[in-house]
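Spelled out, the chains give:
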Amino acid sequence: MPIVKNVSRAVSQLLQSSGCGCGISIVPVRCIGVSPRQVASDASFHSVSFSESDHPRVLITGGLGQLGVGLAKLLRKRFGKNNVILSDIRKPADNVFYSGPFIYADILDYKNLREIVVNNRITWLFHYSALLSAVGEANVPLARAVNITGLHNVLDIAAEHNLRLFVPSTIGAFGPTSPRDPTPDLCIQRPRTIYGVSKVHAELMGEYYHYRYGLDFRCLRYPGIISADSQPGGGTTDYAVQIFHDAIKMGKFQCNLKPDTRLPMMYIDDCLKATLEVMEAPAEALSMRTYNISAMSFTPEELAQEVQKHVPELQVTYDVDEVRQAIADSWPMNFDDRNARRDWGWKHDYDLPELVTTMFSFLGSDSRIAQAN
Ligand SMILES: NC(=O)C1=CN([C@@H]2O[C@H](COP(=O)(O)OP(=O)(O)OC[C@H]3O[C@@H](n4cnc5c(N)ncnc54)[C@H](O)[C@@H]3O)[C@@H](O)[C@H]2O)C=CC1
Ligand SMILES: CC(=O)[C@H](N)C(=O)O
């Protein structure tokens, strides 16, 4: 088999020669002929106009979900309003539309996405589009398309155009055979949801593109994220947002997980802060490309007790959703994020009491405004 031998010799030479600082040789993906949908190596559209001191030009995909609008706000503060483009396939609310650039971008439309990146000279991409754990189980073909095919489009475009790429992963990337208390960065990952499978795939593909093509891929595994001014998109941890709204509006809350289901959680400001920090970290500081981040872990019962300090009359009942419960029972209870703390100085600001107080000060002032109108 001389051809096979020659190919494998060429590959091993490629892998052994140095050049990218990550231990394995990297030829930028746009210059080699093996990437799918490869453009010619002499294509003239690659931007050469950025100097190191310029702000990045940012695109956020799936930006109208729970996290994207807050991320855009943070990044616009740092890099300037017009340097951050929010995108989604949904229609933005007025306040979002008028707060900065917004564009339609379907991540399943490769050509459209590439055009946006080229025309806007994008240099950083935050890939937020996804179907979350519970909605993913309800529509596996769509979750597979958005979370896996969409990711492939994003990876290829990021590699071709030399982007710095952030893809969030999740506590859902672990499964029942992973150590759950605590869950380290590197351990067995056999999730039992299409969401989790697609996120493990994203972690592995991103890391592969990093080592194979030099793609500047960065990934954080987020816990369940809690926010006041945006609604969650159909996950297993959604109860921890809903309880605040129901406590204020109705004084009662029906929880779809068992009272003792412990999951890692985080306030949105910490999540977005970590995302910006890992994107700004010098490459030499990153000993890995996918990190756990952690802030707190609690059960519905513990959250309810903390909420009752603000709304003492709150009544909590439990009506367990079997699908969500099975998912939660397979996820980490506590997340070990020592590597993030050591490598790039990750530190959370919000623990459970701080989170609950912040949620109420945000929602409390909102509900007073609603009542006054
Ligand atoms: N919110 C959380 O608790 C956590 C979120 N993450 C990850 O963070 C990212 C953002 O999460 P959320 O904002 O909560 O998600 P979300 O479900 O609220 O929003 C996802 C967005 O993706 C968009 N989308 C769907 N199909 C699309 C397509 N074909 N093209 C472009 N956009 C499309 C949706 O319209 C939606 O606005 C996701 O990748 C998620 O997996 C990870 C762990 C926890
Ligand atoms: C933890 C997540 O990834 C998300 N919130 C979900 O519950 O699916």
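Residues numbered from 1 in each chain as written. Chains lettered and ligands numbered in written order. Predicted model: local features only at pLDDT ≥ 70, side-chain atom pairs only at ≥ 80, totals over all residues. Heavy atoms only, no water.

**Some remarks on the overall build of the protein**
Turning to step 1, where the next piece is worked out: Per the secondary structure count, the protein includes 13 helices and 13 strands.
Turning to step 2, where the next piece is worked out: Looking at the protein as a whole, 51% of its 373 residues are labelled buried.
Turning to step 3, where the next piece is worked out: Within the structure as shown, the protein displays about 17300 Å² of accessible surface, and the carbon and sulfur contribution to it stands at 52%. (Helix = DSSP H or I, 4+ residues; strand = E, 2+ residues; numbered from the N terminus. Buried < 20%, exposed > 50% of the residue type's maximum accessible area, 1.4 Å probe, protein only. Areas by Shrake-Rupley, 256 points an atom, 1.4 Å probe, with all protein chains shown as cover.)

**A few points about the side chain of Thr358**
Turning to step 1, where the next piece is worked out: Position of Thr358 relative to the elements: it lies in helix α13 (residues 352–372).
Turning to step 2, where the next piece is worked out: Assessed through its relative accessible area of 16%, Thr358 is described here as buried.
Turning to step 3, where the next piece is worked out: Setting aside its immediate chain neighbours within four residues, Thr358 contacts Tyr267 and Tyr350. (Contact = heavy atoms within 4.5 Å.)

**Examining the site of ligand 1**
Turning to step 1, where the next piece is worked out: By nearness alone, 26 residues border ligand 1, and Gln66, Asp88, Arg90, Asp106 and Tyr195 come closest of all.
Turning to step 2, where the next piece is worked out: Gly65 places a polar main-chain atom, nitrogen or oxygen, 3.3 Å from an oxygen atom of ligand 1.
Turning to step 3, where the next piece is worked out: Contact distances for ligand 1 include 2.8 Å between an oxygen atom and a side-chain N or O atom of Arg90.
Turning to step 4, where the next piece is worked out: Here ligand 1 loses 93% of its free accessible area of 830 Å² to cover by the protein chains.
Turning to step 5, where the next piece is worked out: Going through the elements one at a time, β6 (169–170), α7 (194–213) and β8 (224–226) are the ones with two or more residues in the shell around ligand 1.
Turning to step 6, where the next piece is worked out: Partitioning the shell around ligand 1 into residue classes produces 14 nonpolar, 8 polar and 4 charged. (Near = heavy atom within 4 Å. Polar contact = N/O pair within 3.5 Å; in protein donor to acceptor, adjacent residues only side chain to side chain. Nonpolar A, V, L, I, M, F, W, Y, C, P; charged D, E, K, R; others polar.)

**A word on the site of ligand 2**
Turning to step 1, where the next piece is worked out: Around ligand 2, the neighbouring residues are Leu132, Ser133, Thr170, Ile171, Tyr195, Gly224, Gly235, Thr236, Thr237 and Trp331.
Turning to step 2, where the next piece is worked out: Between Thr170 and ligand 2, the recorded distance is 2.7 Å, taken from a side-chain N or O atom to an oxygen atom.
Turning to step 3, where the next piece is worked out: Measuring from an oxygen atom of ligand 2, one finds a side-chain N or O atom of Tyr195 at 2.7 Å.
Turning to step 4, where the next piece is worked out: Protein chains shield 94% of the accessible area of ligand 2, which is 250 Å² for the free molecule.
Turning to step 5, where the next piece is worked out: Broken down by class, the residue content of the shell around ligand 2 amounts to 4 nonpolar, 6 polar and no charged.

**A short note on the sheet that holds β8**
Turning to step 1, where the next piece is worked out: In space, the 3 strands of this open sheet follow the order β8-β10-β12, with mixed pairing throughout. The two strands at the open ends of the sheet, each matched to only one other strand, are β8 and β12 (296–298). Adjacent strand axes in the sheet meet at a mean angle of 45°, parallel and antiparallel pairs treated alike.
Turning to step 2, where the next piece is worked out: Bridge analysis of β8 against strand β10 (residues 263–267) gives 3 bridges, and the strand direction is parallel. Looking across to β10, one finds that Ile225 is bridged to Met266.
Turning to step 3, where the next piece is worked out: In the packing of helix α8 (residues 239–249) onto the sheet, the strands contacted are β8, β10 and β12, and the crossing angle to β8 comes to about 25°. (Pairing = 2+ DSSP bridges. Axes fitted to C-alpha atoms, helices over the stretch in contact; angles between N-to-C directions.)

**Concerning the side chain of Arg57**
Turning to step 1, where the next piece is worked out: If you trace the backbone, Arg57 turns up in the loop between α1 (2–16) and β1 (58–61).
Turning to step 2, where the next piece is worked out: Looking at Arg57, its side chain comes within polar contact range of the side chain of Asn83, at 3.3 Å.
Turning to step 3, where the next piece is worked out: A distance of 3.0 Å separates the side chain of Arg57 from the backbone oxygen of Asn120, its partner in a polar contact.

**Things to note about the pattern of salt bridges**
Turning to step 1, where the next piece is worked out: Using the criterion set out here, one finds 14 salt bridges in the structure.
Turning to step 2, where the next piece is worked out: Asp216 is the partner of Arg164 in a salt bridge, and the nearest nitrogen-oxygen pair spans 2.9 Å. Here Arg164, found in strand β5 (residues 164–166), pairs with Asp216, found in strand β7 (residues 216–222); they are 52 residues apart in sequence, far enough to count as distant.
Turning to step 3, where the next piece is worked out: When its relative accessible area of 19% is taken as the criterion, Asp216 is described as buried.
Turning to step 4, where the next piece is worked out: Asp216 is the salt-bridge partner of Arg218, the closest N and O atoms lying 2.9 Å from each other. Note on accessibility: Arg218 and Asp216 belong to one class, buried.
Turning to step 5, where the next piece is worked out: When salt bridges that share partners are traced, they join Arg164, Asp216, Arg218 and Arg289 into one network. (Salt bridge = Lys/Arg side-chain N within 4 Å of Asp/Glu carboxyl O.)

**Thoughts on the environment of Tyr195**
Turning to step 1, where the next piece is worked out: Examined against the element boundaries, Tyr195 turns out to sit in helix α7.
Turning to step 2, where the next piece is worked out: Residue Tyr195 is classed as buried on the basis of its relative accessible area, which comes to 9%.
Turning to step 3, where the next piece is worked out: Expressed as a C-alpha distance, the spacing of Tyr195 and Ile148, which sit 47 residues apart in the sequence, is 9.4 Å.
Turning to step 4, where the next piece is worked out: Residue contacts for Tyr195: discarding those within four places in its chain leaves Leu131, Leu132, Ser133, Glu137, Asn147 and Thr170.

**Describing the packing of aromatic side chains**
Turning to step 1, where the next piece is worked out: Counted under the stated rule, the structure contains 14 aromatic pairs.
Turning to step 2, where the next piece is worked out: When the centroid spacing of 5.9 Å and the interplanar angle of 45° are considered together, the rings of Phe126 and Phe166 count as tilted. Residue Phe126 is located in strand β4 (residues 124–127), and its partner Phe166 is located in strand β5; the two are separated by 40 residues in the primary sequence. Neither Phe126 nor Phe166 differs from the other in exposure class; each is buried. (Phe/Tyr/Trp six-rings, centres within 6.5 Å; stacked < 30°, edge-to-face > 60°.)

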